Amino acid sequence: AQKVTQAQTEISVVEKEDVTLDCVYETRDTTYYLFWYKQPPSGELVFLIRRNSFDEQNEISGRYSWNFQKSTSSFNFTITASQVVDSAVYFCALSEAHNSGGSNYKLTFGKGTLLTVNP
Amino acid sequence: DGGITQSPKYLFRKEGQNVTLSCEQNLNHDAMYWYRQDPGQGLRLIYYSQIVNDFQKGDIAEGYSVSREKKESFPLTVTSAQKNPTAFYLCASSMYRSNEKLFFGSGTQLSVL
């Protein structure tokens with residue numbers, strides 16, 4: 001059964017610090033997709049990134065970077081020079097095929113990490 | 001602007017009452033989803049629909065019902081059989097399947113009076 005673990009329930013940092021949010025996943029499939037979503041206080045989840053299991057290249061987008069390591073089943077998210085606007089709950093999620101034909105996928109979310117960036 | 005609209009933002013339910021949460025999208029997406037979020041518990045899938053007039057149970061469907069009569073609309077009814085309905089409910093959509101990027105609404109907070 002697929003599972004996503006975000007061991008850090010809450011993290012608090014001071015502005016301009018770098019912070020890494022951990023995500024560890026479990027899956028039996030060789031084809032799967034990993035996601036990060038941000039949930040600010042307004043409540044709406046915002047998509048940040050999607051990675052498929054065949055693409056282990058790390059990605060950088062501005063102050064955000066993602067480190068995907070299949071060997072350790074991890075997909076960690078780093079915010080460089082954090083800002084107050086980064087304060088939110090961050091969710092890691094895993095999608096794997098629910099049937100052999102690959103037309104139906106099951107998406108599982110981790111429990112989220114609450115990041116607070118203090119000025 | 002394309003997006004997902006959920007209403008109302010806050011909803012109160014009396015004991016024994018059914019309530020319906022609205023979700024409308026103008027993204028022309030085939031797939032729509034309902035998630036329940038409890039504090040510290042992440043998101044759990046209630047129901048999803050990949051095409052009009054068809055929907056599937058998620059992990060916690062008991063006490064809930066849905067319909068998908070139009071592509072744009074996926075209302076969720078919280079029935080009196082749901083004994084612990086207090087939660088934040090999120091509607092989402094994607095082009096076809098859940099291995100794609102999901103677009104979310106701003107949620108409905110349901111509380112019991």
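Residues numbered from 1 in each chain as written. Chains lettered and ligands numbered in written order. Predicted model: local features only at pLDDT ≥ 70, side-chain atom pairs only at ≥ 80, totals over all residues. Heavy atoms only, no water.

Asks: Summarise the overall build of chain B; cite the residues concerned and give the values.
Replies: Within chain B, the secondary structure is distributed over zero helices and 11 strands. Beginning at the N terminus, the succession of helices and strands in chain B can be written as β-β-β-β-β-β-β-β-β-β-β. Computed over the C-alpha atoms, the radius of gyration of chain B is 13 Å, within 12% of the 13 Å expected from 2.2 N^0.38 for a compact globule of 113 residues. Over its C-alpha atoms, taken along the principal directions, chain B stretches across nearly 35 × 25 × 25 Å. The 113 residues of chain B split such that 49% are buried. In chain B, the share of contacts with a sequence separation of at least 24, taken over all contacts with a separation of at least 6, comes to 53%. (Helix = DSSP H or I, 4+ residues; strand = E, 2+ residues; numbered from the N terminus. Rg over C-alpha atoms; globule rule 2.2 N^0.38 Å. Buried < 20%, exposed > 50% of the residue type's maximum accessible area, 1.4 Å probe, protein only. Contact = heavy atoms within 4.5 Å.)

Asks: I'd like to hear about the state of the cysteines, residue by residue, with values.
Replies: A full pass over the atoms with the stated rule returns two disulfides over all chains. At a sulfur-sulfur separation of 1.9 Å, the disulfide partner of Cys23 of chain A is Cys92 of chain A. With the S-S dihedral at roughly -65°, the linkage between Cys23 of chain A and Cys92 of chain A falls on the left-handed side. One end of the pair, Cys23 of chain A, is in the loop between β3 (19-21) and β4 (24-26); the other, Cys92 of chain A, is in strand β10 (residues 88-97), and 69 residues separate them in sequence. Given a relative accessible area of 0%, Cys23 of chain A falls into the buried group. Judged by its relative accessible area of 0%, Cys92 of chain A falls in the buried class. Sulfur-sulfur distance for the disulfide between Cys23 of chain B and Cys91 of chain B comes to 1.9 Å. Here the S-S torsion is close to -75°, and the disulfide linking Cys23 of chain B with Cys91 of chain B is therefore left-handed. A residue pair is termed long-range when its members are at least 10 positions apart, and Cys23 of chain B in strand β3 (residues 19-25) and Cys91 of chain B in strand β9 (residues 87-94) qualify at 68 residues. Of the residues examined, Cys23 of chain B reaches a relative accessible area of 0% and is grouped as buried. (Disulfide = S-S within 2.5 Å.)

Asks: Describe in detail unusual backbone geometry, supporting the description with residues and values.
Replies: Put simply, Ser7 of chain B and Pro8 of chain B share a cis peptide bond, and its omega is -10°. Along the chain, Pro8 of chain B falls in the loop between β1 (4-7) and β2 (10-13). Phi at Ser73 of chain A is positive, roughly 50°, even though this residue is not glycine. Residue position: Ser73 of chain A is located in the loop between β8 (64-69) and β9 (74-79). On the basis of relative accessibility, which here comes to 24%, the residue Ser73 of chain A falls in the partly exposed class. Of note in this structure, Asn28 of chain B is not a glycine but carries a positive phi near 60°. Along the chain, Asn28 of chain B falls in the loop between β3 and β4 (31-37).

Asks: I'd like a rundown of the pattern of salt bridges, residues and numbers included.
Replies: Across all of its chains, the model carries eight salt bridges over all chains by this definition. Note that Asp38 of chain B and Arg36 of chain B form a salt bridge whose closest N and O atoms lie 2.9 Å from each other. Between Glu100 of chain B and Arg97 of chain B there is a salt bridge, with its nearest N and O atoms 3.8 Å apart. Counted as one network, the salt bridges with shared partners bring together Arg51, Asp55 and Glu59 of chain A. (Salt bridge = Lys/Arg side-chain N within 4 Å of Asp/Glu carboxyl O.)

Asks: Pulling in residues and values, what's your account of the side chain of Asp38 of chain B?
Replies: Residue and element names in this part refer to chain B. One can find Asp38 in the loop between β4 and β5 (43-51). Reaching out from Asp38, the side chain makes a polar contact with the side chain of Arg36 at a distance of 2.9 Å. At a separation of 2.8 Å, a polar atom in the side chain of Asp38 contacts the side chain of Arg44. Setting aside its immediate chain neighbours within four residues, Asp38 contacts Arg44, Thr86 and Ala87. (Polar contact = N/O pair within 3.5 Å; in protein donor to acceptor, adjacent residues only side chain to side chain.)

These results come straight from atomic positions and should not be treated as a statement about function.
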